[in-house]
Amino acid sequence: MFCYQCEQTAKQQGCTAFGVCGKDPETADMQDLLIHYVKQISKYALGLHENGADTREADVFVIEALFTTVTNVNFDKEDIAVMIRKAWEILKITKEEYLRLDIKGDINDNAVEPPEDIEGMLELASQYTLDKDVERLGEVRAGLYHLILYGIKGVAAYADHAHILGHDDSDLYQFFHSIMAFLDDDSHDNDTLLGKALEVGEKNITTMELLDKANTETYGHPEPTTVRITPKKGKAILVSGHDLKDLDALLKQTEGKDINVYTHGEMLPTLAYPKLKEYSHLAGNYGGAWQDQRKEFDAFPGAILMTTNCIQKPKDSYKDRIFTTGLVGWPGVEHVDRDDFSPVIEKALAEEGFKEDGEEKYITVGFGRNAVLSVADTVLDHVKNGKIKNFFLIGGCDGAKPGRNYYTDFASHVPEDSVILTLACGKYRFNKMDFGEIEGIPRLLDIGQCNDAYSAIQIAVALADALDTDVNSLPLHFILSWFEQKAVCILLSLLYLGITDIRLGPTLPAFIKAPVFEILQEKFNLMPVKTADEDLKDILGDDYTGELTAR
């Protein structure tokens, strides 16, 4: 295997024997083979799209296949084998329709029928692993190809979330096909590749807007909400991942069954949606970010449901009470459909549950763009009179590798006259600290999930418009953490918007080689994080006192 799509990849070079994430070499290689078939499907589907033909099956399959290969989604090679066989059937259908319509344009069709057995698939997959790209294209150009691939995987995740809620966009699907067809062509130079990566960032904004519309039209706009972070006595189910519809379905199916439902990880922001808050047994949030799940799931006395990416190898101690749904998979873990969560419910009823209430503790979430912009006049007044001097967007993925305490140190030393915007699971590094307020405005505003970067962008644009300036001239500073491909596409979106001076960490992507990073530094002043003190001093100069402002 060769995989370097996540921040924690081995030696900051690439996983070659076994994935740091827990992915075995066979699954890794078969995922690369699946991507190969997706490229072939997209070449035909793109032509069909451009000629007004129906490609619905190919459209949905492509985003599901891309999302399946995102870090910490599906670790089961049997599942990937099923998708490869399905890919072949869809490829045959799209090719037949392309030829039937006599669409002009030669297609380099280099796909062969996959073997039925996994051993045969693995032999075929060895031709399409990412290290073959590196051998063929060189490190720098291959890295740019992979930057585009990882970015479009992240966009696919957001598109899939929107699709599940019934929101689709034909132009968006056509874009997916155009990118995958583009990636099957080795002839592109570095400038073309970098430009295409920024196009992925542009389209990701459209996709996040689509998902935002899907979420808010279905469940209402998030509103500031006080959330309990300690358990209540009783039977319990813990829901992790990202998917709002899965949580909604589970809440419906558990009504009247005397089971408390808790969120975990990136599901925390769902507690701020009005339609979800209506469920009285949505009890609060349990635990923190994804990398702590083996300890937290082990201690949780109920059933656990994984809805999207972020699953880790389950311990034997809870493997019989963790379930997957949607695209998530782990060998030996029971997979359930959102239409029937009865196995999860039965397991929760059979488990002991929490014997007593925990000490009451709360945090506040739900500061999406509607909530923040509703007090925009007050915020602007505070900016104009100097009560708020800076905004720091500290957001992104969390992870297990050392170095992420940087974000705790940074947030806790942000001056008292500054407001922190945060999103994604990186917030768990500091979201239970007390930051206080600036005359009624909380100093810590939790915007939501990673895809709620759209809200953050809208807040920044509105602030810039109100102050008659551009985003880069605002006292707004971007301090980003990354782990997987959703974070990659968000970074590309920010770069597409021309936002400069972004600090990225805790380490730089292994697939972005020095010559490419130098271009990004020159054009956008993208920079790696140093220490929290050094970066705050660089940003604030003599105004930085080094005082601890949150505990």
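Residues numbered from 1 in each chain as written. Predicted model: local features only at pLDDT ≥ 70, side-chain atom pairs only at ≥ 80, totals over all residues. Heavy atoms only, no water.

What about the pattern of salt bridges?
Note on pairing: side chains with opposite charge can pair once their charged atoms come close.
So, step 1. For the structure shown, the criterion picks out 25 salt bridges.
So, step 2. Taking the shortest distance from any N to any O, the salt bridge between K401 and E7 comes out at 3.4 Å. Here K401, found in the loop between β9 (390-396) and α15 (405-413), pairs with E7, found in the segment before α1 (25-50); they are 394 residues apart in sequence, far enough to count as distant.
So, step 3. The exposure class of E7 is buried, given its relative accessible area of 0%.
So, step 4. Salt-bridge contacts for K389 lead to D417; the nearest nitrogen and oxygen are separated by 3.9 Å. Remark: D417 occurs in the loop between α15 and β10 (418-423) and K389 occurs in the loop between α14 (376-384) and β9; sequence separation between them is 28 residues.
So, step 5. Residue classification places D417 among the partly exposed residues on the basis of a relative accessible area of 23%. (Salt bridge = Lys/Arg side-chain N within 4 Å of Asp/Glu carboxyl O. Helix = DSSP H or I, 4+ residues; strand = E, 2+ residues; numbered from the N terminus. Buried < 20%, exposed > 50% of the residue type's maximum accessible area, 1.4 Å probe, protein only.)

Some thoughts on the packing of aromatic side chains
Two aromatic rings, taken as a pair, are described by how far apart their centres are and by the angle between their planes.
So, step 1. By the definition in use, this model includes 19 aromatic pairs.
So, step 2. On the basis of an interplanar angle of 65° and a centroid distance of 5.0 Å, the ring pair of Y286 and F300 is categorised as edge-to-face. Here F300 lies in the loop between α11 (293-299) and β5 (303-306) and Y286 lies in the loop between β4 (282-285) and α11, a separation of 14 residues in the sequence.
So, step 3. Looking at Y286, the relative accessible area reads 13%, which means it is buried.
So, step 4. In this structure F300 comes out as buried when scored by relative accessible area, which is 0%.
So, step 5. With centroids separated by 5.8 Å and ring planes inclined at 80°, the aromatic side chains of F297 and Y318 adopt a geometry described as edge-to-face. (Phe/Tyr/Trp six-rings, centres within 6.5 Å; stacked < 30°, edge-to-face > 60°.)

Observations regarding the environment of V365
So, step 1. Counting through the fold element by element, V365 comes out in strand β8 (residues 362-365).
So, step 2. With 93 residues separating them along the chain, V365 and A272 place their C-alpha atoms 6.4 Å apart.

What about helix α18 (residues 514-524)?
So, step 1. What α18 keeps buried is the set V516, F517, L520 and F524. Buried residues of α18 fall within an arc of 95° about the axis and therefore sit on the same side.
So, step 2. In the core, the buried residues of α18 are packed alongside α6 (139-164), α8 (190-219), α17 (485-496) and β16 (527-528).
So, step 3. Immediately beyond the C-terminal end of α18, within one or two residues, lies N525, with a positive phi of roughly 55°. (Arc of directions from axis to C-beta. Contact = heavy atoms within 4.5 Å.)

Topic: the sheet that holds strand β3 (residues 259-263)
So, step 1. Pairing is parallel in the open sheet, where six strands are placed in the order β4-β3-β2-β5-β6-β7. Single-partner strands in this sheet number two, and they are β4 and β7 (334-335).
So, step 2. Of the pairings in the sheet, the one linking strand β2 (residues 235-240) to β3 comprises five bridges and is parallel in character. Counted as the bridge partner of L238 is Y262 from β3.
So, step 3. Against the sheet, helix α12 (residues 342-350) engages β2, β3, β5, β6 (322-324) and β7, with an angle of about 135° to β2. (Pairing = 2+ DSSP bridges. Axes fitted to C-alpha atoms, helices over the stretch in contact; angles between N-to-C directions.)

Remarks on a negative patch on the surface
So, step 1. Taken together, the side chains of D337, D339, D340 and E346 present a region of like negative charge at the surface.
So, step 2. Tracing the backbone through its elements, the reader meets D339 in the loop between β7 and α12.
So, step 3. For D339, a relative accessible area of 68% puts it in the exposed group. (Patch = residues over 30% accessible without salt bridge, like charges linked within 9 Å, V, L, I, M, F, W, Y side chains within 5 Å. Areas by Shrake-Rupley, 256 points an atom, 1.4 Å probe, with all protein chains shown as cover. Lys, Arg positive; Asp, Glu negative; His and termini not counted. Charge placed at Lys NZ, Arg CZ, Asp CG, Glu CD.)

So, the packing of helix α5 (residues 130-137) against α6
So, step 1. The contact between α5 and α6 brings their axes to 7 Å, and the two run at 140°. Relative to α6, the element α5 is oriented oblique. You can see that α5 and α6 cross each other, and the crossing is right-handed. Side by side, α5 and α6 meet where L130, D133, V134 and L137 of the first sit next to E139, R141, A142, Y145, H146 and Y150 of the second.
So, step 2. Looking at the contact of α5 with α6 residue by residue, the classes come out as six nonpolar, one polar and three charged. (Parallel < 35°, antiparallel > 145°, perpendicular 65-115°, else oblique. Left-handed = near helix turned anticlockwise from the far one by under 90°. Nonpolar A, V, L, I, M, F, W, Y, C, P; charged D, E, K, R; others polar.)

Points about helix α4 (residues 118-125)
The α-helix advances 3.6 residues per turn, and as a result positions three or four apart in sequence lie on the same side.
So, step 1. Those residues of α4 that sit buried are I118, G120, M121, L124 and A125. Relative to the axis of α4, the buried residues are bounded by an arc of 155° and lie together on one face. Facing away from the buried side of α4, by more than 90 degrees, are the exposed residues E119 and E123.
So, step 2. Those residues of α4 hidden inside the fold are in contact with α1 and α3 (77-100).

What to know about the sheet that holds strand β13 (residues 444-448)
So, step 1. Strand order in the open sheet formed by six strands is β13-β10-β9-β14-β15-β16, with parallel pairing between adjacent strands. Lying at the two open borders of the sheet, with one neighbouring strand each, are β13 and β16.
So, step 2. Note that strand β14 (residues 476-481) and strand β15 (residues 503-505) share three bridges and pair parallel. Across the sheet, residue I479 finds its bridge partner in β15, namely R503.
So, step 3. Seen against the sheet, α15 touches β9, β10, β14 and β15 and runs at an angle of roughly 155° to β14.
So, step 4. Together, β9, β10, β13 and β14 form the strand contacts of helix α16 (residues 453-466), whose direction differs from that of β13 by roughly 125°.

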